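Structure assessment
What follows is each chain in one-letter form.
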Amino acid sequence: QVQLQESGPGLVKPSGTLSLTCAVSGGSISSSSWWNWVRQPPGKGLEWVGEIYHSGSTNYNPSLTSRVTVSVDKSINQFSLKLSSVTAADTAVYFCARKSYTSSVFDSWGQGTLVTVSS
Amino acid sequence: DIQLTQSPSFLSASVGDRVTITCRASQGISNYLAWYQQKPGQAPKVLIYAASTLQSGVPSRFSGSGSGTEFTLTISSLQPEDFGNYYCQQLNSYPRFGGGTKVEI
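Residues numbered from 1 in each chain as written. Chains lettered and ligands numbered in written order. Predicted model: local features only at pLDDT ≥ 70, side-chain atom pairs only at ≥ 80, totals over all residues. Heavy atoms only, no water.

1. Some details on the overall build of chain B
Looking only at helices and strands, chain B has zero helices and 11 strands in total. For chain B, the α and β elements follow one another from N to C terminus as β-β-β-β-β-β-β-β-β-β-β. Counting only C-alpha atoms, chain B reaches 35 × 25 × 25 Å along its principal axes. Looking at chain B as a whole, 50% of its 105 residues are labelled buried. Of all intrachain contacts in chain B linking residues separated by at least 6 positions in sequence, the fraction that spans at least 24 positions is 56%. Of the roughly 4,600 Å² of accessible surface on chain B, 44% is carried by carbon and sulfur atoms. If you average the places of the 7 positive and of the 6 negative side-chain charges in chain B, the two averages end up 3 Å apart. (Helix = DSSP H or I, 4+ residues; strand = E, 2+ residues; numbered from the N terminus. Buried < 20%, exposed > 50% of the residue type's maximum accessible area, 1.4 Å probe, protein only. Contact = heavy atoms within 4.5 Å. Areas by Shrake-Rupley, 256 points an atom, 1.4 Å probe, with all protein chains shown as cover. Lys, Arg positive; Asp, Glu negative; His and termini not counted. Charge placed at Lys NZ, Arg CZ, Asp CG, Glu CD.)

And the structure:
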């Protein structure tokens, strides 16, 4: 069973860049899956951020595309998220998740990490 | 841009009740819809995909139906562990979630 674990700073200053990493274990990031980031502001719903395939192909939420970069490092079985020019509206729990290549659902998730944007 | 609207946004029910949550898409998405359950402090867990297919390991009291623009998630007999938030997600185009339904026991 694949497991995912997010890591990164819990506090980012306004106008700075949010950087998170998702470590994948129990499976290869080079499998036929897309690797995703989903966020959830405190007390609110889920918002898809973006995804990457091991080849480097990416798709991003159109509302975030100008600020988001998702990258992959196959050598260490990890993928990463960078979100630039952050504001308080970017404060959220950030989850990494695997999208199943058969059903297209997010079938494995990390526990989530809270990132607060504040000075 | 496809929007998903869930109703109700909140429901309170008793153990043993039959519960139905609706998700309406702003345009047809065939059966490209999934349902998730999320408990406080946890990541979401997939219950249903392809509108009506039960994810492995999910209790059979959960079921999904619908196609096109209207979908339902039904819990046939609500259990105490079923409290939490439920989200629909469209699997067509880019992954968008509904606004959620909070289920209180």
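2. Describing the pairing of strand β7 (residues 68-73) of chain A
All names here are of chain A. Sheet analysis places β7 next to strand β8 (residues 78-83), joined by six bridges and oriented antiparallel. The residue of β8 that forms the bridge with Val 70 is Leu 81. Between β7 and the antiparallel strand that follows it, β8, lie four residues; Asn 77 among them carries a positive phi value of about 55°. (Pairing = 2+ DSSP bridges.)

3. Points about the sheet that holds strand β7 (residues 62-67) of chain B
Residues and elements named next belong to chain B. Spatially, four strands are ordered β1-β3-β8-β7 in an open sheet, and the strand pairing comes out antiparallel. A strand with exactly one partner marks an edge of an open sheet, and here the two such strands are β1 (4-7) and β7. This sheet shows a mean twist of 15° between the axes of neighbouring strands, independent of strand direction. (Axes fitted to C-alpha atoms, helices over the stretch in contact; angles between N-to-C directions.)

4. Here's the deal with the environment of Gly66(B)
Residues and elements named next belong to chain B. Mapping Gly 66 onto the fold places it in strand β7. On the basis of relative accessible area, Gly 66 is assigned to the partly exposed category, the value being 38%. When the C-alpha positions of Gly 66 and Ala 51 are compared, they lie 6.3 Å apart, and in sequence the two are 15 residues distant. The contacts of Gly 66, once residues within four sequence positions are left out, are Ala 51 and Phe 71.

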